[in-house]
Amino acid sequence: MSSSRDQTIGYLAAAGTVAIWSGFILISRLGGKSALTPYDVLALRLGVAAVLLLPFAGSLRQGAWRNGRLWALGLIGGLLYGVLVYAGFKFVPAAHGAILLPGMQPFLVAAVAWLITRQRIPRERLIGLLFIALGVGFVAQPYILGGTWTAAMLFGDALILASAAVWAVYSVLAKRWGFDPWTLTRFVAISSAALYLPVYALWLPKALDAVPMSTLVVQGLYQGVGATIIAMLLFLKAVKNLGAERVGALIALVPVIAGVAAAPLLGEALTGWLLAGLACVSLGAFVAARPARVTVMQVCGAAR
């Protein structure tokens, strides 16, 4: 009974994680389509998260504020990632972000891990990475075959891809340096806000008065509470109850859910190429998350 209950709770937590991470792409694109600047969205994210997490700052381990590695992770995962990803969503549809952000993570993490640690990629995982590469190729079809595209969209894709690479570096370094997610969540949010908000207030362009208060509330609460705090807690619970491999496979649903939901919710077109890209990237992420258990025959069966 206890095991069955734990599994049920684990699946519910995983479903919540998938929902919030899918919503992050949609809400970020919604902010990108508004008059808000990327700097506004990042300020809302860091400001709300820092206010909520500040009461827990005292329980950070001794010496945390003098730890250069933690500050490096704050700059990478809090500031650089935030600036790049929110700037990218000013130019590209949510489906592009769904493919290039969560979908590319298994590929980019494997590449960064190899560059930093020379860790070899298991042969089984290469199958998943091949599907991800194929999916990105489908997304790039307008650029390759001369279809409908703009320089702005190409620039936005480059920003999103750069943000995905930055997050991969952050993930690999956090694991290599041995920091737990709760420590990182608190430190990254509070340190990033301390560094960024004064610069934002004094020098960066703002458009907070150009949107309704409801837009500010949605962006602040979703980015600062949902994506930064709640999703992390749900993810940890899911991993504890189900295991990292099973949760990683479920997270592969994020690209296809976010990409397809963008059509009715944001009025963005889904072409056949984008749908093919979403399917391939999600399938590839699923395979890459479960390298020891997935075979070519299972991939073919999943595709059916």
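Bear in mind the structure is a predicted one, so any value in this text is a computation, not a measurement.

### As for helix 12 (residues 253-266)
Line of reasoning, step 1. The terminal C-alpha atoms of helix 12 lie 19 Å apart, and with 14 residues this matches the ideal 20 Å at 1.5 Å per residue to within 8%.
Line of reasoning, step 2. Of the residues making up helix 12, those classed as buried are V254, P255, A258, G259, A261, A262 and L266.
Line of reasoning, step 3. G267 lies just past helix 12 and shows a positive phi near 70°.

### Topic: the environment of A15
Line of reasoning, step 1. With respect to the helices, strands and loops of the structure, A15 is situated in helix 1 (residues 2-33).
Line of reasoning, step 2. Overall, A15 belongs to the partly exposed group, its relative accessible area being 45%.
Line of reasoning, step 3. Placed 169 residues apart in sequence, A15 and L184 show a C-alpha to C-alpha distance of 23 Å.

### Things to note about the packing of aromatic side chains
Line of reasoning, step 1. Following the criterion strictly, the structure yields 11 aromatic pairs and no others.
Line of reasoning, step 2. With a centroid separation of 5.5 Å and an interplanar angle of 35°, the aromatic rings of W21 and F235 are classed as tilted. Note that W21 is positioned in helix 1 and F235 in helix 10 (residues 213-242), a separation of 214 residues in sequence.
Line of reasoning, step 3. By relative accessible area, W21 is classed as partly exposed at 29%.
Line of reasoning, step 4. A relative accessible area of 29% means that F235 is categorised as partly exposed.
Line of reasoning, step 5. Look at F56 and W182: their rings are 5.7 Å apart centre to centre, the planes differ by 70°, and that puts the pair in the edge-to-face class. Of this pair, F56 sits in the loop between helix 2 (38-53) and helix 3 (68-88) while W182 is found in helix 9 (residues 181-203), placing the two residues 126 residues apart along the sequence.
Line of reasoning, step 6. Clustering of aromatic rings is evident, with ring pairs tying together W65, W71 and F187.

Here is what the cut-offs are and how they apply
- Residues numbered from 1 in each chain as written.
- Predicted model: local features only at pLDDT ≥ 70, side-chain atom pairs only at ≥ 80, totals over all residues.
- Heavy atoms only, no water.
- Helix = DSSP H or I, 4+ residues; strand = E, 2+ residues; numbered from the N terminus.
- Expected span 1.5 Å × (residues − 1).
- Buried < 20%, exposed > 50% of the residue type's maximum accessible area, 1.4 Å probe, protein only.
- Phe/Tyr/Trp six-rings, centres within 6.5 Å; stacked < 30°, edge-to-face > 60°.

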